[in-house]
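# Coordinates in review
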Amino acid sequence: MADTALFRDTIFALASGATPSGVAVVRISGRDAASALEVFHVKQTVPRRAHLTVLSNSDGDPIDQALVFWFPGPASFTGEDVVEFHLHGSAAVLNAVFQQLGTLRNWRMAEPGEFARRAFENGKMDLTEIEGLGDLLAAQTESQRRQALSQYSGSLRTLYDSWRQSLLILRASVEADFDFSDEEDVPGSVAEYVSEDALSLARQIEQHLNDGRRGEIIRNGLRVVLIGLPNAGKSSLLNALAQKDVAIVTEIPGTTRDVLTVSLNLGDQLVILSDTAGLRESEDTIEQEGMRRAEEAARQADLVLSLCPADQPGSHVVFDPESDTNFPPVLKVRTKYDLIDTARTGGTFEVEAADEIGVSIKDGRGLDALIAALIRFGSVSDLTSGENRNNPLITRTRHRLALQSCVESLTQAGDDHLPLEIRVEYLRTASDALGQILGRIDVEDILGHIFSEFCIGK
Ligand SMILES: Nc1nc2c(ncn2[C@@H]2O[C@H](COP(=O)(O)OP(=O)(O)OP(=O)(O)O)[C@@H](O)[C@H]2O)c(=O)[nH]1
Ligand SMILES: [Mg+2]
């Protein structure tokens, strides 16, 4: 067990939700955790077994009836000695327990994420598993839950560890060949197999990177932005999808000025949907600012829905995506589709084109098809289940950047114009990049950030 100042104190915290609650779990971890049992006069406990007893204070007066768990380290969440009290969830019970624990020397309340930090430092979990745990606690949709659980259970760790392992073996064998070559009997194949192995791993990692950001979309939500002419029906569509009157709808063009965002759970997919100001030539300063914001939001989206009313054919507005390869994908939506039936004879109405989805919020048609298209775009429904479980997705920019730098190093390592000594060095930086994702090396500066996102008690 790592023995630094980090582990000097025995820490305690409420590990369950806000009181009052049916049950409140107090978690205690540290080298003196066992003395919590003596302090409350708990007679005997069998490790990892529930023990129903009464906790009493120093005067022998009962505090509460509790279930007590005793997890001697290292077989515990943190790897240290851990005690858990399952109490009745009232403020008074918790105050009495915390007051007693606070009198002990070198005992204190835990900081946010401190239990997880200890688990990490004691090698119980790597950084991807810690992040998976954080995501699991924050999960709101089924797909987030599945993905987080898979990462918490080690899916990314297993994959990255196996890549790191094969790099270590490759380096070791090259270095062994180096020693051998001192004896003037140079095996010609060394340079070749370094190239072959490094480039083949680079290809595997590139394939893993080339996932359409689906893991990040599951975790952060699919960012969808509605754009179109004034009165195209953007705010009406947002309200229909949110099933709430969130945005103001009027027949006056230019109603919406600000970007308005709602979070929706569509078919297990978290969708962050934004309504924007209608796009048209305007002298109005407020409207111009609204359009600037609309464009900015659209450029940051994963998917843009470009709305065009059925009675205004050919008026899809997009910020010239043709000339901008970085513009997000656009899905065309033909709104007010109910108007088609009433005025088909007028000749100005355009039927839905092959690449469009026709919707009407008046009679609800096309809304299911639109939702299905959004879910398909996020294409998450089966990604985190079944066979895809063995194909874990990247869930954070942190992972993506490290994997990209790993691929760069591997490409250099595979370059047979470079001297072998340099290429071996690139193998090392490649495996360090993987080590950083796992938190095995050089991550002190990001640890504070990751653990501070946890709640107290985790
Ligand atoms: N018939 C019909 N009318 C619709 C439909 N959707 C919206 N409308 C009407 O079209 C008008 C404009 O709707 P909004 O949702 O405010 O349009 P918008 O695109 O948000 O407009 P701005 O905020 O001005 O850019 C309102 O009078 C709505 O009632 C539809 O599906 N069918
Ligand atoms: Mg609007």
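Just so it is clear, the model here is predicted, and its values are computed rather than measured.

### Concerning the sheet that holds strand S9 (residues 269-275)
Read across the open sheet, the 6 strands follow the order S8-S9-S7-S10-S11-S12; overall the sheet is mixed. Strands with a single pairing partner mark the edges of an open sheet, and in this sheet they are strand S8 (260-266) and strand S12 (356-358). Going from strand to strand, the sheet's axes swing by 25 degrees on average, the running direction of each strand aside. Packed onto the sheet, helix H9 (residues 234-242) meets strand S7 (222-228), S8, S9 and strand S10 (303-309) and runs at close to 155 degrees relative to S9.

### Comments concerning the sheet that holds strand S5 (residues 82-89)
With mixed pairing, the 6 strands of this open sheet are ordered in space as S3-S4-S5-S2-S1-S6. Only two strands of the sheet have a single partner each, and these edge strands are strand S3 (51-56) and strand S6 (107-109). Along the sheet, successive strands turn relative to each other by an average axial angle of 30 degrees, direction set aside. In this structure, S3 lies alongside strand S4 (residues 62-71), joined through 6 bridges in antiparallel fashion. Bridging from a neighbouring strand, Thr53 pairs with Ala66 of S4. Contacts from helix H2 (residues 91-102) reach strand S1 (10-14), strand S2 (21-29), S4, S5 and S6, with the element oriented near 175 degrees to S1. Along the sheet, helix H3 (residues 114-121) contacts S1, S2 and S6; its crossing angle with S1, the most-contacted strand, is approximately 135 degrees.

### A short note on the site of ligand 1
As a structural note, the neighbourhood of ligand 1 is formed by 23 residues, with Lys234, Ser236, Gly254, Thr255 and Asp338 the closest of them. Between ligand 1 and Ser235, the relevant distance is 2.8 Å, taken from an oxygen atom to a side-chain nitrogen or oxygen of the residue. With the chains in place, 90% of the 650 Å² that ligand 1 exposes on its own is no longer accessible. Taken together, the elements giving at least two residues each to the shell around ligand 1 come down to H9 and helix H11 (338-343).

### Let's talk about the packing of aromatic side chains
Aromatic ring pairs are reported here in terms of the distance separating the ring centres and the angle at which the planes meet. Per the counting criterion, the structure on display carries 5 aromatic pairs. Seen from their ring centres, Phe40 and Phe85 are 5.4 Å apart, and the 90 degrees between their planes marks the pair as edge-to-face. In this pair, Phe40 is assigned in the loop between helix H1 (35-39) and S3 and Phe85 in strand S5, connecting sequence segments 45 residues apart. You can call Phe40 buried: its relative accessible area is 0%. Here Tyr160 and Trp163 contribute two aromatic rings whose centre-to-centre distance is 5.7 Å and whose plane-to-plane angle is 35 degrees, an arrangement assigned as tilted.

### Overview of a negative patch on the surface
Taken together, the side chains of Glu192, Glu196, Asp197 and Asp416 make up a negatively charged region of the molecular surface. Structurally, Asp416 is set in the loop between helix H13 (397-413) and helix H14 (420-438). Among the residues examined, Asp416 registers a relative accessible area of 54% and is labelled exposed.

### As for unusual backbone geometry
Each neighbour pair has its own omega, and for Thr19 with Pro20 the value is 0 degrees, a cis peptide bond. Among the secondary structure elements, Pro20 is positioned in the loop between S1 and S2. Following Gly73, the chain continues into Pro74 via a peptide bond in cis, with omega recorded as 5 degrees. Among the structural elements, Pro74 can be located in the loop between S4 and S5. Positive phi is not limited to glycine here, since Asp268 has a value of about 75 degrees. Relative to the elements of secondary structure, Asp268 occurs in the loop between S8 and S9.

### Quick word on the pairing of S2
As paired strands, S1 and S2 are joined by 4 bridges and run antiparallel to one another. When the bridges of S2 are listed, Ile11 appears paired with Ser29. Between the antiparallel neighbours S1 and S2 lie 6 residues. Relative to S5, S2 is paired through 7 bridges, and the arrangement is antiparallel. Of the residues in S5, the one forming a bridge with Ala24 is Leu87.

Reading the values: rules and limits
- Residues numbered from 1 in each chain as written.
- Chains lettered and ligands numbered in written order.
- Predicted model: local features only at pLDDT ≥ 70, side-chain atom pairs only at ≥ 80, totals over all residues.
- Heavy atoms only, no water.
- Pairing = 2+ DSSP bridges.
- Helix = DSSP H or I, 4+ residues; strand = E, 2+ residues; numbered from the N terminus.
- Axes fitted to C-alpha atoms, helices over the stretch in contact; angles between N-to-C directions.
- Contact = heavy atoms within 4.5 Å.
- Near = heavy atom within 4 Å.
- Polar contact = N/O pair within 3.5 Å; in protein donor to acceptor, adjacent residues only side chain to side chain.
- Areas by Shrake-Rupley, 256 points an atom, 1.4 Å probe, with all protein chains shown as cover.
- Phe/Tyr/Trp six-rings, centres within 6.5 Å; stacked < 30°, edge-to-face > 60°.
- Buried < 20%, exposed > 50% of the residue type's maximum accessible area, 1.4 Å probe, protein only.
- Patch = residues over 30% accessible without salt bridge, like charges linked within 9 Å, V, L, I, M, F, W, Y side chains within 5 Å.
- Salt bridge = Lys/Arg side-chain N within 4 Å of Asp/Glu carboxyl O.
- Lys, Arg positive; Asp, Glu negative; His and termini not counted.
- Charge placed at Lys NZ, Arg CZ, Asp CG, Glu CD.

The analysis is restricted to geometry; functional conclusions fall outside its scope.
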